[in-house]
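Next come the chains, spelled out residue by residue.
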Amino acid sequence: MTPTVSASGLSLRYGGTRALDDVSLRLSPGVTGLLGPNGAGKTTLLRVLATSVPADSGAFTVLGHDPGTPAGRQEARRRLGYLPQTPGFHPDFTAFEFVDYVAILKEMTDRAVRHREVRAVLDGVDLSDVRGKRVKKLSGGMRQRVALAAALIGDPGFLVLDEPTVGLDPEQRMRFRELIAQAGEGRTVLLSTHQTEDVAMLCHRVLVMAGGRILFDGTPAELTARAAGRVWSSTERDPGAKAGWRTGTGSFRNVGSPPAGAELLEPTLEDGYLLTLDDAEVPA
Ligand SMILES: Nc1ncnc2c1ncn2[C@@H]1O[C@H](COP(=O)(O)OP(=O)(O)OP(=O)(O)O)[C@@H](O)[C@H]1O
């Protein structure tokens, strides 16, 4: 499949910190998850791809446009939606006013057309009933949906979501997952998250980052398979395990290198993720 977003050799330093170190990737329609420990470089990568900060070196294209040139940057920006880690809401704006403001920034000049679209995106994230409420009065889950609506304005082909489910309760997270899955139909979505379940349930592909580099690029099933034969059960904590804990059933679940004859357990995507970091000697 032809990639919709393609990057090669992206590097970016903040003083002595190498936040991005020679990152190359190719994204296609559907939801791609981006996992990595704190400080891995996920937000930096998303900011670069959302054209919010320039990389020191490397290049990328968004739906055929090169943000390295002023004209290409403008075209790329018209085609992307970005939900940053901390959306900059003006607290006194209503949900409608905030999304409308983003629509104005996206150069939607015809007021009637713009207002129609603002109502449609708010409707799409189930916020029609509260569109006149001030953002500061909304719950955390509703605020995140306002931010998603703002990212979806103008029907962007590339959607960048930075930890959108953080701080949401399980019910809100489930609802948000539904919306992300819908957004990923026919659209390229890059989703940064610490929730391995989000990746297992939503993504057709997953990238694991640490120290500014991509350590893994494949399907969620391939990431899970990295832990095959490396998760086992025992009655006591196995001293050879990288991690081990007593489960609700009373037996220990160990992750690492099992002893001969160990009772192997089905691995999860989280096991595959943690072992990928461990194999690369990155603290999780
Ligand atoms: N504006 C900045 N100035 C200086 N250093 C920065 C800046 N932004 C990020 N960094 C550093 O760059 C590295 C990558 O940070 P980044 O925020 O991209 O990681 P992350 O994977 O998104 O982390 P988290 O999961 O905690 O959000 C970190 O070491 C961070 O401290």
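Residues numbered from 1 in each chain as written. Predicted model: local features only at pLDDT ≥ 70, side-chain atom pairs only at ≥ 80, totals over all residues.

(A) Inspection of the domain arrangement of the protein at higher detail. Entries for the protein in the domain assignment read domain 1 (5-223) and domain 2 (224-279). One C-alpha centre belongs to domain 1, the other to domain 2; they are set 34 Å apart. Listed as interface residues are 13 residues of domain 1 and, on the opposing side, nine residues of domain 2. Looking at the side of domain 1 that touches domain 2, the elements that each hand over two or more residues are α7 (196-202), β8 (205-210), β9 (213-218) and α8 (220-225). When residues of the side of domain 1 that touches domain 2 are assigned to their parent elements, the largest contribution, four residues, is made by α8. For the side of domain 1 that touches domain 2, the class distribution of residues is eleven nonpolar, one polar and one charged. (Domains from an automatic or database assignment. Contact = placed C-beta atoms within 7 Å. Helix = DSSP H or I, 4+ residues; strand = E, 2+ residues; numbered from the N terminus. Nonpolar A, V, L, I, M, F, W, Y, C, P; charged D, E, K, R; others polar.)

(B) Structural detail: the site of the ligand. If you check the shell around the ligand, you find Tyr14, Thr17, Ala19, Gly36, Asn38, Gly39, Ala40, Gly41, Lys42, Thr43 and Thr44 and nothing else. Counting only elements with at least two residues in the shell around the ligand, the list comes to β2 (17-27) and α1 (42-49). Sort the elements by how many residues they give to the shell around the ligand and α1 lands first, with three residues. Residues that form the shell around the ligand fall into these classes: three nonpolar, seven polar and one charged. (Near = placed C-beta within 6 Å.)

(C) Fine view of the pairing of strand β12 (residues 252-256). Sheet topology places strand β10 (residues 231-234) next to β12; four bridges connect them, and they run antiparallel. Note that in β12 the partner of Val231 across the bridge is Val255. Across five bridges, strand β11 (residues 241-246) lies against β12 in antiparallel orientation. Paired with Gly244 across the strands is Asn254, a residue of β12. Two successive antiparallel strands, β11 and β12, enclose a turn made up of five residues, where Gly250 displays a positive phi of approximately 100 degrees. (Pairing = 2+ DSSP bridges.)

(D) Geometry of the environment of Ala225. The residue Ala225 is located in helix α8 in this model. Here the alpha-carbon distance between Ala225 and Gly244, two residues 19 residues apart in the chain, equals 19 Å.

(E) The arrangement of the sheet that holds β8 in detail. One open sheet holds the six strands; their spatial order is β5-β6-β7-β3-β8-β9, and the pairing between them is mixed. Edge positions in the open sheet fall to β5 (80-83) and β9, since each of these has one partner strand only. Neighbour-to-neighbour, the strand axes of this sheet turn through a mean angle of 15 degrees, independent of strand direction. Relative to β9, β8 runs antiparallel, the two being bridged by five bridges. In the strand pairing of β9, Val208 is matched with Phe216. Across the sheet, helix α5 (residues 140-152) is in contact with β5 and β6 (158-162); its angle to β5 comes to roughly 160 degrees. Against the sheet, helix α9 (residues 269-279) engages β3 (30-35), β8 and β9, with an angle of about 35 degrees to β8. (Axes fitted to C-alpha atoms, helices over the stretch in contact; angles between N-to-C directions.)

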